[in-house]
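Reading the structure
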Amino acid sequence: MILLWSQVYAQDISVVIPYSAGGPTDQVTRTVLKHLTHDTWRFVPEYRLGAGGVTAANWVAASSSPALMITSNALTISPVLTADIVKYDLSRDLVMVEYLGTEPLILTVAANSGIQHLRDWRMIARQKPMAYGSAGVGTSGHIASAILANGNGSHIHVPYKGGAPAINDLLGSQVDASFQNINAVLQHINAGKLRALAVTSAKRSSVLPQVPTMKEAGVNGAEVASWQ
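Let's talk about the pattern of salt bridges
If you walk through the whole model with that rule in mind, you get six salt bridges. Here R42 makes a salt bridge to D12, at a shortest N to O gap of 2.8 Å. With R42 in strand β3 (residues 42–47) and D12 in strand β2 (residues 12–17), the pair connects residues that are 30 residues apart, well separated along the chain. D12 gets classed as partly exposed once you look at its relative accessible area, which sits at 37%. For R30, the salt bridge goes to D26, with nearest N and O atoms at 3.4 Å.

Quick notes on the side chain of S20
Here S20 lies in the loop between β2 and α1 (24–33). S20 sits in the buried class, given a relative accessible area of 10%. Apart from residues lying up to four places away in sequence, S20 is in contact with D26, Y47, L49, K161, G162, G163, A164 and P165.

Quick look at the side chain of D120
On the secondary structure map, D120 appears in helix α4 (residues 118–125). Looking at D120, its side chain comes within polar contact range of the main-chain nitrogen of H117, at 2.9 Å.

Some words on the confidence of the model for the protein
Note that predicted coordinates carrying low pLDDT should not be read in detail. Per-residue confidence for the protein gives a mean pLDDT of 86, with 95% of residues at or over 70. Highest mean pLDDT in the protein belongs to strand β10 (residues 194–199) (97); lowest belongs to strand β1 (residues 2–5) (51).

Quick word on the nonpolar core
Counting 18 residues, the largest nonpolar core has L107, L118, W121, L148, F179 and M214 as the members making the most contacts within it. Within the residue set of this core, elements represented by two or more residues are β6 (102–110), α4, α5 (140–149), β9 (177–181) and β10. With residues up to four places along the chain from it excluded, the contact list for L107 reads L118, L148, A177, S178, F179, R195, A196, L197 and A198. With 15 residues, the next largest nonpolar core counts I106, A184, V185 and I189 among its residues.

What counts as what
Residues numbered from 1 in each chain as written. Predicted model: local features only at pLDDT ≥ 70, side-chain atom pairs only at ≥ 80, totals over all residues. Heavy atoms only, no water. Salt bridge = Lys/Arg side-chain N within 4 Å of Asp/Glu carboxyl O. Helix = DSSP H or I, 4+ residues; strand = E, 2+ residues; numbered from the N terminus. Buried < 20%, exposed > 50% of the residue type's maximum accessible area, 1.4 Å probe, protein only. Contact = heavy atoms within 4.5 Å. Polar contact = N/O pair within 3.5 Å; in protein donor to acceptor, adjacent residues only side chain to side chain. pLDDT = per-residue confidence, 0-100. Core = buried A, V, L, I, M, F, W, Y, C linked by side-chain atoms within 4.5 Å.

Below you can see the structure in the form of structure tokens.
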């Protein structure tokens, strides 16, 4: 994820969270806030949800108040996919301050879905539309799902205002699958509530070494990472 400053000389600096509480971006933001201390500045978190992070980015870019935002790669993808609502120019309106790292995504389904492997998912998707939830339009989960949908059956994209509500609906079988950051779904996988089908990295994850890569599961060109 990227830290974005608009101004820095004030006592209160808004830390804008573009996705719902409990999701990967929210978790990273809360972790970063623990280390953001200053004698003059006070960092105040606030949620500005919607449009895959575009709502928050538009606000930060136009704000006359000091603002910091922790966001994902959707920041660079959204201007292409949702150009009609994007009001910021990355080269002019926002300054990128810090890059924290990347994390692969993992394709998960409800444990009671009966789907054991990615080949099962692909077979069912060729027979009926399968709904996949994402954290929003332009997010890495949306892109990974679009890659999977290419030539692998019929898929319906269901965008949410963050990863947490998408995971909740996946747990409740309101959607059929979701690509999520591993740290966001690991507890549900370990608890037996979700089943991991494949990881989007070139190599298997050391956290879940039993889960195959997308390539090993039969899908090429699906290496996708979420910025951290």
